[in-house]
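Structural overview
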Amino acid sequence: MKAVLLDEFGGADVLRIGEAERPTPGQGQVLVEVAATSVNRPDLVQREGKYPPPKGDSDILGLEVAGTVRELGPGVNRWSVGDRVMGLVGGGGYAEYAVAYADHLLRIPESLSFEEAACICEAYITAYLNVFLLGGLEDGDTVLLHGGGGGVNTAAIQLCKALTPNAKALVTASPGKRERVAALGAALVIDYRTQDFAAEVKRFTDGRGVAVILDHIGAAYLASNMKSLAVGGRLVVIGVTSGIEAQLNLGLMMVKRQRIIGSVLRSRPVPEKSAIVAEFADQVLPLLAERKIVPLIHKVYALEDAAQAHREMEASAHFGKIVLALS
Ligand SMILES: NC(=O)c1ccc[n+]([C@@H]2O[C@H](COP(=O)([O-])OP(=O)(O)OC[C@H]3O[C@@H](n4cnc5c(N)ncnc54)[C@H](OP(=O)(O)O)[C@@H]3O)[C@@H](O)[C@H]2O)c1
């Protein structure tokens, strides 16, 4: 089968289209003929050799697929050959065929194209898991989201608006994305390059701080994140782009009864991921089917142009998701 391969780790240039062996679905898995996948920031980190796939998963890049079920592995009875599905994979999305656990797949609503479906699982499930299931955001709360133009955080803004219409999303963004972030539903957009986000959060919340923060910046933002968090607030860390070591005032954290939660989706045990996918199917899939939430496609590339798609994400001019489509 056709797949995006790399002979060594490095920049986008290491990606090349080639031939790989078609995978065989194991117990509880199905084979999906991939119509589209999308680029997620962790793919770039894996390409650089800093984010290996979990044991047993494909080492081909790609954390999600949208396509058609072509074969059922042993023990699978919830899908039929020919079903249109989208889902999470531990790896292998950048290929003509991928295997996925049956319970990590969702039926694609008729109202969604394969390209749109390819934008949903990694970004929206990550946002849903961390803001709602772990962060515990409730209607009327205030949440701080960092990087409002990215895949996960455009999804998070949309989910806040749809699931908790009275919650207020305060969102950091670079200047060129401010207007689009505001149009998506942010109550306040903070230019993280020129403004002190902790001061802006303090002003907006009259000193109370926010109930939940979704952070992927890590070390450089820890102190300002803790300043921005309300008494009893939850800081959910899903990325560490600025570094992994930072100082924390434990006393203040204790007195303010705050929680810091680290979270990854990819390496969770299969049954845990299944439970998260099932919860997402109940709570969010109907909103996507009704197009109350519409995935934001920045651009669609052919799978053959994966290197160009990675360069586009590295330039960080995208708003929403970058899709790879198979012809
Ligand atoms: N733990 C998990 O389970 C999990 C799952 C998926 C993704 N992630 C992580 O989540 C993050 C986002 O992934 P993604 O696929 O959505 O990537 P993405 O589309 O590239 O989004 C990242 C966003 O962050 C913005 N940004 C960069 N530097 C910033 C800063 N200092 N302050 C605020 N915003 C900044 C970028 O835009 P500007 O440069 O224009 O600001 C961009 O909009 C990545 O770190 C990824 O590894 C974690």
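Above: the structure in question.
Since we're looking at a predicted model, the values are computed, not measured. (Residues numbered from 1 in each chain as written. Predicted model: local features only at pLDDT ≥ 70, side-chain atom pairs only at ≥ 80, totals over all residues. Heavy atoms only, no water.)

Now for the packing of helix H3 (residues 121-134) against helix H4 (residues 151-163). As a packed pair, H3 and H4 sit with axes 8 Å apart at the nearest point and diverge in direction by 60°. With respect to H4, the element H3 is oriented oblique. Here H3 runs over H4; the crossing is right-handed. In contact with Ala-123, Tyr-124, Thr-126, Ala-127, Tyr-128, Val-131 and Phe-132 of H3, H4 contributes Gly-151, Val-152, Ala-155, Ala-156, Gln-158, Leu-159, Cys-160 and Leu-163. (Axes fitted to C-alpha atoms, helices over the stretch in contact; angles between N-to-C directions. Helix = DSSP H or I, 4+ residues; strand = E, 2+ residues; numbered from the N terminus. Parallel < 35°, antiparallel > 145°, perpendicular 65-115°, else oblique. Left-handed = near helix turned anticlockwise from the far one by under 90°. Contact = heavy atoms within 4.5 Å.)

Turning our eyes to something else, we now look at the nonpolar core. Core analysis: the largest hydrophobic core is formed by 52 residues, its most contacted members being Met-86, Val-131, Leu-145 and Phe-280. The leading source of residues in this core is H3, at nine residues. Lining this core are residues from two domains, each supplying at least three of them: domain 1 (2-120 + 268-325) and domain 2 (123-262). The residues contacting Leu-145, other than those within four sequence positions of it, are Val-131, Asn-153, Ala-156, Ile-157, Ala-169, Leu-170, Val-171, Thr-172 and Leu-214. If you look at the next biggest cluster of nonpolar residues, it comprises 38 residues, including Met-1, Val-30, Leu-44 and Ile-322. (Core = buried A, V, L, I, M, F, W, Y, C linked by side-chain atoms within 4.5 Å. Buried < 20%, exposed > 50% of the residue type's maximum accessible area, 1.4 Å probe, protein only. Domains from an automatic or database assignment.)

As a volume, the largest pocket reaches approximately 1,200 Å³. Taken together, 47 residues form the lining of the largest pocket, with Arg-41, Pro-42, His-216, Gly-239 and Thr-241 sitting closest to its centre. When residues of the lining of the largest pocket are traced back to their parent elements, those giving at least two are helix H1 (41-47), H3, H4, strand S9 (168-173) and helix H11 (306-315). Here the residues of the lining of the largest pocket sort into 18 nonpolar, 20 polar and nine charged. Two domains share the lining of the largest pocket, each providing at least three of its residues, namely domain 1 (2-120 + 268-325) and domain 2 (123-262). Within this model, the second largest pocket holds a volume of roughly 420 Å³. Along the walls of the second largest pocket sit 29 residues, with Gln-29, Gly-56, Asp-57, Ser-58 and Gly-90 positioned nearest its centre. Elements with a minimum of two residues in the lining of the second largest pocket: strand S6 (97-101) and helix H9 (270-283). (1 Å grid on protein atoms, 1.4 Å probe; cavity = no way out; pocket = protein on both sides within 12 Å on 5 of 7 lines; lining within 4 Å. Points joined across faces, edges and corners; volume = space filled by probe spheres on them. Nonpolar A, V, L, I, M, F, W, Y, C, P; charged D, E, K, R; others polar.)

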